[in-house]
Amino acid sequence: MDNSIKEVVEEIEKEMSKIVVGQRDIIRGVVRAIICNGHVLVEGVPGTAKTLIVKAIAKIMGCEMKRVQFTVDLLPSDLTGIMSYTPKKGFEVLKGPLFTNFVIADEINRAPPKTQSALLEAMQENMVTLAKQTYPLPQPFFVMATENPVETKGVYSLPEAQTDRFLFKLLIPYPTFKDEVDILDKNVTLKKFEDYDLKSILSPEKIIHLQERVKEVYSSDAIQNYIVRIVSETRSHNFEFAKYIDYGASPRASIALFIASKAEALMNGRDYVIPEDVRTVVFDILRHRIILNYEAEAKRISTDEIINSVLEKISAP
């Protein structure tokens, strides 16, 4: 049992509750992604605290954070930086906002594909190339990219192969009635961020240690078979919703599910994975990796419904 890590997660949630009302599943999803050394794609309408959540978590985890508002005229160099020449000083590297621990990429689907690719390359390689010289990014390095699902004009949808690079896709719902009443007193429009007096519980070094601990969590052969059966079922034609799928999840989804279930176990104070850990993270892992066809869109079938159907069919060990 590793209750010390469970206690750390509970302390993070307690600090987050000072500034963010509700959204516990989203907060846990972001924390889980960080200790998995993965990145998160978040979808939600404006005003549902997406930016605030990462800003608060960065402070609580003792990390630096930068926010980039993606626009149609954003260039790759606006993210990575440039090589500049100054008289008497010569050439020098002016590093862009990617050189930090936590990056919020607001409305990533507003930027053109070339700029999106620059961010995704940094996420994958953990480094940036400037003037033929490669520079490592700070560790830990975490990206939370947000998508606005409301608007369709002036946006460049992320290709499926690029969304697959995100460990999780989280859906931020509207708050409950009670939570929204509480938001009126706690909102950051009336107070400064500093007024909430958030404590730094972790540090970059401690986060890297947690990322190493995740790898040590035990996952039995039965659990690994369960993971692969779930993912491979999305590629089969033998269940109720199969006719709505163009492409099922790739082996990268199996790897993501394997790692994320270990992180979920660790967050719950265990050093071994149980089927419930897999079921907890499977929606965040698969919802952006199952490609639906036009019939599914016409009938408003969601990937979450399909994942539910798969879980009902595949028996847990």
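Provided above is the structure to which this section pertains.
Structural notes, computed from the coordinates. Here, residues in each chain are numbered from 1, in the same order as that chain's written sequence. Thresholds applied to this predicted model are a pLDDT of at least 70 for local features of residues and 80 or more for the giving and counting of side-chain atom pairs; totals over whole chains, interfaces and linings are not thresholded and use all residues. Side-chain figures throughout are based on the complete set of non-hydrogen atoms in the structure, without hydrogens or water.

## Notes on the packing of aromatic side chains
Within a pair of aromatic rings, the relevant descriptors are the distance that separates the centres and the angle that separates the planes. Stacked, tilted and edge-to-face are the three classes applied to pairs of Phe, Tyr and Trp rings, where Trp contributes its six-membered ring and a pair requires centres within 6.5 Å; stacked means planes under 30 degrees apart, edge-to-face means over 60, and tilted covers the rest. As enumerated under the stated definition, the model contains two aromatic pairs in all. The interplanar angle of 70° and the centroid separation of 5.4 Å between the aromatic rings of Phe 102 and Phe 142 together place this pair among those described as edge-to-face. Highlighted residues: Phe 102 in strand 5 (residues 102-106) and Phe 142 in strand 8 (residues 142-147), separated in sequence by 40 residues. Each member of the pair, Phe 102 as well as Phe 142, is classed as buried. Their ring planes at 45° and their centres at 6.0 Å tell us that Phe 241 and Tyr 244 sit as a pair that is tilted. Residue Phe 241 shares its accessibility class with Tyr 244, and that shared class is buried. Remark: a charge is flagged as sitting over a ring if the NZ atom of Lys or the CZ atom of Arg is within 6 Å of the ring centre and within 35 degrees of the ring normal. In this structure, Arg 270 is placed above the aromatic ring of Tyr 272, and the distance from its NZ or CZ to the ring centre is 5.8 Å. Helix and strand labels come from DSSP, where a helix needs a run of H or I of at least four residues and a strand needs a run of E of at least two; each type is numbered from the N terminus. The cut-offs for exposure are 20% and 50% of the maximum accessible area for each residue type, with area from a 1.4 Å probe on protein chains only; residues under the lower value are buried, those over the upper are exposed, and the others partly exposed.

## Points about the packing of helix 9 (residues 221-233) against helix 13 (residues 303-313)
For every element, the axis is a line fit to its C-alpha atoms; helices are fit only across the contacting stretch, and the angle between N-to-C directions ranges from 0 to 180 degrees. With their axes 10 Å apart at the nearest point, helix 9 and helix 13 run at an angle of 130° to one another. Here helix 13 runs oblique to helix 9, going by the angle between their axes. For helix 9 against helix 13, the interelement crossing comes out right-handed. Counted together, Tyr 226, Ile 230 and Glu 233 of helix 9 and Val 310, Leu 311 and Lys 313 of helix 13 form the full contact between these two elements. Along the lines of polarity and charge, the residues of the contact of helix 9 with helix 13 split into four nonpolar, no polar and two charged. Angular relationships are summarised with four words: roughly parallel below 35 degrees, roughly antiparallel beyond 145, roughly perpendicular across 65 to 115, and oblique for the angles in between. Here a crossing is called left-handed whenever its near helix is offset anticlockwise from the far helix by less than a right angle, and right-handed whenever the offset is clockwise. It only takes one pair of heavy atoms within 4.5 Å for two residues to be counted as in contact. In this classification, Asp, Glu, Lys and Arg are treated as charged, Ala, Val, Leu, Ile, Met, Phe, Trp, Tyr, Cys and Pro as nonpolar, and every other residue, Gly included, as polar.

## Things to note about the sheet that holds strand 5
We treat two strands as partners when DSSP finds at least two bridges between them. Across the sheet, five strands lie side by side as 2-5-8-1-9; this open sheet has parallel pairing. The sheet is open, and its two borders are formed by strand 2 (65-69) and strand 9 (168-171), each paired with just one other strand. The sheet shows a mean angle of 20° between the axes of neighbouring strands, taken without regard to direction. With four bridges connecting them, strand 1 (residues 40-43) and strand 9 associate as parallel partners. Note on strand 9: the bridge partner recorded for Leu 41 is Lys 169. This element, helix 2 (residues 24-35), spans strand 1, strand 5, strand 8 and strand 9 of the sheet and lies at about 165° to strand 9.

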